[in-house]
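Now for the letters of each chain:
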Amino acid sequence: SHPKRITVSPSRRTVAVVFCVVAAASLTACDTDEIGAAAVVGDDRITIGELQDRVRDFTDSIPDESAAGADPAVLQQALLDRMIRHELLEQLARDEGIEVSEADIDTFIEEQVEGPAPDGDITDLLAQSALTDNTLREAVHDVLIQQELVDRLGGEEAFSEALAEKSEEIGVKVSPRYGTWTDAGLEATSGSISEPDEAAEDEPADGSAETPAG
């Protein structure tokens, strides 16, 4: 059967939702036992380097005043949560035969993101949402998948249950320094998140590394 095309219709709800959903990440399938992973989702590995690239991309894109008081640990956790959720969404989309076209993404950005923004300037909106020009399209791609899954599965609760079941099915492992994956998402444990350092590159995501005392 042909994948169902998604029709984007403007709504106040979707404007808010897009900035609460995951940004996509470029993940490469490899040995899940390799070290240096921030998380492993099924057969896909999110390296610490990929996560830190995301952090740098965001912090380099915002005005200095916007970064005042920002907590690097919270930012790392939020971005890693998005990257994990992206992979789970991709798995569910494949199961349901859902595809999103570049035209769908263009329409959403034009109508839902740039349209409501003063003079079409979304710089501040991106900064407030931990998104950048590089991750916006990916985030829109994922929010469209989520919307379609919610519709197909019969609501937000059914969607959340399906996401949790997929997480259990393929397995989600997170390096202890970034927290623990739960049905509600990535949750920090006491002392689990610290400033990036070189030693982190040698810490596996299979839970075998010692959790820093906190």
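Everything here concerns the structure above.
As a starting point, this report considers the structure included with it.

Criteria and thresholds
Residues numbered from 1 in each chain as written. Predicted model: local features only at pLDDT ≥ 70, side-chain atom pairs only at ≥ 80, totals over all residues. Heavy atoms only, no water. Helix = DSSP H or I, 4+ residues; strand = E, 2+ residues; numbered from the N terminus. Buried < 20%, exposed > 50% of the residue type's maximum accessible area, 1.4 Å probe, protein only. Contact = heavy atoms within 4.5 Å. Areas by Shrake-Rupley, 256 points an atom, 1.4 Å probe, with all protein chains shown as cover. Salt bridge = Lys/Arg side-chain N within 4 Å of Asp/Glu carboxyl O. 1 Å grid on protein atoms, 1.4 Å probe; cavity = no way out; pocket = protein on both sides within 12 Å on 5 of 7 lines; lining within 4 Å. Points joined across faces, edges and corners; volume = space filled by probe spheres on them. Nonpolar A, V, L, I, M, F, W, Y, C, P; charged D, E, K, R; others polar. Axes fitted to C-alpha atoms, helices over the stretch in contact; angles between N-to-C directions. Left-handed = near helix turned anticlockwise from the far one by under 90°. Parallel < 35°, antiparallel > 145°, perpendicular 65-115°, else oblique. Expected span 1.5 Å × (residues − 1). Arc of directions from axis to C-beta.

1. Some words on the overall build of the protein
- If you tally the helices and strands in the protein, you get seven helices and six strands.
- For the protein, the succession of helices and strands along the chain, N to C, is α-β-β-β-α-α-α-α-α-α-β-β-β.
- Looking at the 214 residues of the protein, the share that counts as buried comes to 47%.
- At a minimum sequence separation of 6, the contacts of the protein that also span at least 24 residues come to 74%.
- Put simply, the protein shows about 11,000 Å² of open surface, and 46% of that area lies on carbon and sulfur atoms.

2. Details of the pattern of salt bridges
- Enumeration according to the criterion identifies ten salt bridges in this entry.
- Between Arg137 and Glu102 there is a salt bridge, and its shortest N-O distance comes to 2.5 Å. With a gap of 35 residues between them, Arg137 in helix H6 (residues 133-153) and Glu102 in helix H4 (residues 102-114) connect regions that are remote in the sequence.
- On the accessibility criterion, Arg137 (30% relative accessible area) is partly exposed.

3. Considerations on empty space enclosed by the protein
- By the definition in use, this model includes two cavities of 30 Å³ or more.
- Of the volumes computed, that of the second largest cavity is approximately 40 Å³.
- In this structure, the second largest cavity is lined by Arg85, Leu88, Leu163, Ala164, Ser167, Trp181, Thr182, Asp183, Ala184 and Gly185.
- The element contributing the most residues to the lining of the second largest cavity is helix H7 (residues 156-170), with three residues.
- Of the residues assigned to the lining of the second largest cavity, the class counts are five nonpolar, three polar and two charged.

4. Some words on unusual backbone geometry
- The backbone of Asp119 sits at a positive phi, close to 60°, despite the residue not being glycine.
- Within the secondary structure layout, Asp119 lies in the loop between H4 and helix H5 (123-128).
- In this structure Asp119 comes out as exposed when scored by relative accessible area, which is 85%.
- One non-glycine residue with positive phi stands out, namely Ala130, at about 55°.

5. Focus on the packing of helix H2 (residues 48-61) against helix H3 (residues 72-96)
- The N-to-C vectors of H2 and H3 enclose an angle of 115°; their axes lie 10 Å apart at closest approach. At the point where H2 passes H3, the crossing takes the right-handed sense. From H2, Glu50, Leu51, Gln52, Arg54, Val55, Phe58 and Thr59 reach across to H3, where they touch Leu75, Gln76, Leu79, Leu80 and Met83.
- The residue inventory of the contact of H2 with H3, partitioned by class, reads seven nonpolar, three polar and two charged.

6. Some words on the packing of H6 against H7
- Running from N to C, H6 and H7 point in directions that differ by 110°, and their axes come no closer than 8 Å. As judged from the angle between their axes, H6 and H7 are roughly perpendicular. On the side of H6, the interface is formed by Gln146, Leu149, Val150 and Leu153, while H7 contributes Glu156, Ala158, Phe159 and Ala162.
- For the contact of H6 with H7, a count of residues per class yields six nonpolar, one polar and one charged.

7. A short note on H2
- For H2, built from 14 residues, the straight-helix expectation of 20 Å at 1.5 Å per residue is met to within 8% by its first-to-last C-alpha distance of 20 Å.
- When we look at burial in H2, the residues that qualify are Ile48, Leu51, Gln52, Arg54, Val55 and Phe58. For H2, the arc enclosing every buried residue in end-on projection is 150°, short of the 170-degree limit, so these residues lie on one face.
- Residues of H2 that are buried in the fold lie against strand S2 (37-41), strand S3 (44-47), H3, H5 and H6.

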